[in-house]
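Survey of secondary and tertiary structure
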Amino acid sequence: AQTVTQSQPEMSVQEAETVTLSCTYDTSESNYYLFWYKQPPSRQMILVIRQEAYKQQNATENRFSVNFQKAAKSFSLKISDSQLGDTAMYFCASHSGNTGKLIFGQGTTLQVKP
Amino acid sequence: ETGVTQTPRHLVMGMTNKKSLKCEQHLGHNAMYWYKQSAKKPLELMFVYNFKEQTENNSVPSRFSPECPNSSHLFLHLHTLQPEDSALYLCASSQGTSGRAHTGELFFGEGSRLTVL
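A brief look at the structure comes next. Note that the structure is a prediction, hence the values are computed from the model and not measured.

Okay, the overall build of chain B next. Across its full length, chain B holds zero helices and eleven strands. Taken from the N to the C terminus, the helices and strands of chain B come in the order β-β-β-β-β-β-β-β-β-β-β. Relative to the globule expectation of 13 Å for 117 residues, the C-alpha radius of gyration of chain B, 14 Å, shows essentially globular dimensions. Seen through its principal axes, chain B has C-alpha atoms that stretch 45 × 30 × 30 Å. Within the span of chain B, comprising 117 residues, buried residues form 46% of the whole. Of all intrachain contacts in chain B linking residues separated by at least 6 positions in sequence, the fraction that spans at least 24 positions is 55%. As presented, chain B carries roughly 5,500 Å² of accessible surface, and 50% of it is formed by carbon and sulfur atoms. Side chains of chain B give 11 positive and 10 negative charges; the mean places of these two sets differ by 5 Å.

What follows concerns the environment of Val-66 of chain A. All names here are of chain A. With respect to the element layout, Val-66 can be found in strand E8 (residues 64-69). Since its relative accessible area comes to 6%, Val-66 is described here as buried. Among all residues touching Val-66, those that are not within four sequence positions of it are Trp-36, Ile-49, Gln-51, Asn-58, Ala-59, Phe-75, Ser-76 and Leu-77.

All names here are of chain A. Examined against the element boundaries, Glu-52 turns out to sit in strand E6 (residues 46-52). Since its relative accessible area comes to 10%, Glu-52 is described here as buried. A distance of 3.0 Å separates a polar atom in the side chain of Glu-52 from a polar atom in the side chain of Arg-50. Non-local contacts of Glu-52, meaning those with residues more than four positions away in its chain, are made with Tyr-32, Tyr-33 and Phe-68.

Residue and element names in this part refer to chain B. Here four bridges tie strand E5 (residues 44-50) to strand E6 (residues 53-57), and the two strands are oriented antiparallel to one another. Looking at E6, one finds that Phe-47 is bridged to Asn-57. Between E5 and E6, which pair antiparallel and follow one another directly, the connecting turn spans two residues, one of which, Phe-51, has a positive phi of 50 degrees.

Here the focus is the interface of chain A and chain B. Counting residues at the interface gives 20 residues for chain A, matched by 22 residues for chain B. Between chain A and chain B we count zero salt bridges in total. Counting only elements with at least two residues in the side of chain A that touches chain B, the list comes to strand E5 (32-39), E6, strand E10 (88-96) and strand E11 (102-104) of chain A. In terms of residue class, the side of chain A that touches chain B is made up of nine nonpolar, nine polar and two charged.

Ranked by size, the top nonpolar core spans 24 residues in total, and within it Trp-36, Phe-75, Leu-77 and Tyr-90 of chain A carry the most contacts. Secondary structure elements with two or more residues in this core: strand E3 (19-21), E5, E6, E8, strand E9 (74-79), E10 and strand E12 (108-113) of chain A. Those residues within four positions of Tyr-90 of chain A in sequence are excluded, and the remaining contacts are Gln-6, Leu-21, Trp-36, Tyr-37, Lys-38, Val-48, Phe-64, Leu-77, Ile-79, Gly-107, Thr-108 and Leu-110 of chain A. Judged by nonpolar contacts, the second largest core, of 22 residues, contains Leu-11, Phe-47, Tyr-49 and Leu-81 of chain B.

Okay, the sheet that holds strand E7 (residues 64-70) of chain B next. Residue and element names in this part refer to chain B. With antiparallel pairing, the four strands of this open sheet are ordered in space as E1-E3-E8-E7. Pairing within the sheet leaves two strands with one partner each, and these edge strands are strand E1 (4-7) and E7. If you compare each strand with its neighbour and ignore which way they point, the axes differ by 15 degrees on average. Inspection of the sheet shows E1 paired to strand E3 (residues 18-25) by four bridges, in the antiparallel sense. The residue bridging Gln-6 from the neighbouring strand is Cys-23, located in E3.

Attention now moves to unusual backbone geometry. Residue and element names in this part refer to chain B. Here the bond from Thr-7 into Pro-8 is cis, since omega is -10 degrees, no more than 30 degrees from zero. Here Pro-8 lies in the loop between E1 and strand E2 (10-13). With a phi close to 75 degrees, Lys-52 is a non-glycine residue in the positive phi region. The exposure class assigned to Lys-52 is partly exposed, which follows from its relative accessible area of 42%.

This paragraph deals with the pairing of strand E9 (residues 87-94) of chain B. Residue and element names in this part refer to chain B. Counting buried positions along E9 yields eight of eight residues, so the element is predominantly enclosed. With burial as the criterion, each face of E9 is covered, one bearing Ala-87, Tyr-89, Cys-91 and Ser-93 and the other bearing Leu-88, Leu-90, Ala-92 and Ser-94. In terms of strand pairing, strand E4 (residues 31-37) meets E9 through seven bridges, oriented antiparallel. When the bridges of E9 are listed, Trp-34 appears paired with Cys-91. Taken together, the three bridges between E9 and strand E11 (residues 112-116) define a ladder with antiparallel strand orientation. If you follow Ala-87 over to E11, its bridge partner there is Leu-114.

Cut-offs and rules
- Residues numbered from 1 in each chain as written.
- Chains lettered and ligands numbered in written order.
- Predicted model: local features only at pLDDT ≥ 70, side-chain atom pairs only at ≥ 80, totals over all residues.
- Heavy atoms only, no water.
- Helix = DSSP H or I, 4+ residues; strand = E, 2+ residues; numbered from the N terminus.
- Rg over C-alpha atoms; globule rule 2.2 N^0.38 Å.
- Buried < 20%, exposed > 50% of the residue type's maximum accessible area, 1.4 Å probe, protein only.
- Contact = heavy atoms within 4.5 Å.
- Areas by Shrake-Rupley, 256 points an atom, 1.4 Å probe, with all protein chains shown as cover.
- Lys, Arg positive; Asp, Glu negative; His and termini not counted.
- Charge placed at Lys NZ, Arg CZ, Asp CG, Glu CD.
- Polar contact = N/O pair within 3.5 Å; in protein donor to acceptor, adjacent residues only side chain to side chain.
- Pairing = 2+ DSSP bridges.
- Salt bridge = Lys/Arg side-chain N within 4 Å of Asp/Glu carboxyl O.
- Nonpolar A, V, L, I, M, F, W, Y, C, P; charged D, E, K, R; others polar.
- Core = buried A, V, L, I, M, F, W, Y, C linked by side-chain atoms within 4.5 Å.
- Axes fitted to C-alpha atoms, helices over the stretch in contact; angles between N-to-C directions.

Set out below in structure tokens:
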């Protein structure tokens, strides 16, 4: 079975600084994708970044990058130059390429402080 | 116009009421999902529909009844709910659920906040 664990319920960071959100997952499949989604307060969830498990290179999207450690089943999100608009709940998710299921972690609430 | 629209945004109902949540997607996707989001818990996958056919029922109680009349619309019919069913119900869509066309990305609506008294 797929599981996703986010061990940091809440985090805070000063504006313009860097923060890393942790995520570990478990899956028996070889074909899967990993995601970070962002859910701003009272707004819809949107995709931040995606990583294909077969790719060794870490995905990056502007200020967002991941540290994908496949052997350790770790998938952390680094946000550089944090902005006030980054304040949101962040969900790590694992997608099975075989079953199509997207399984989410518990979420990490990030507060960016001015 | 957002890609995935959910109505109502807020709903308060008694345990004996019958109500429905509606979801509509304008993205040309063929798969639609219902998730339940409760405080301090992971998002729970409830139902998956692909080309109008239910492909996943994640052991959801029968007081939740989904309906997918076409690939663009998804309903969640609610009856005799319990207070612990109070949560944010999220609808999402995607291009398929597996295979080459499916990137794994889901597109979410803003959710329907349900309170059961």
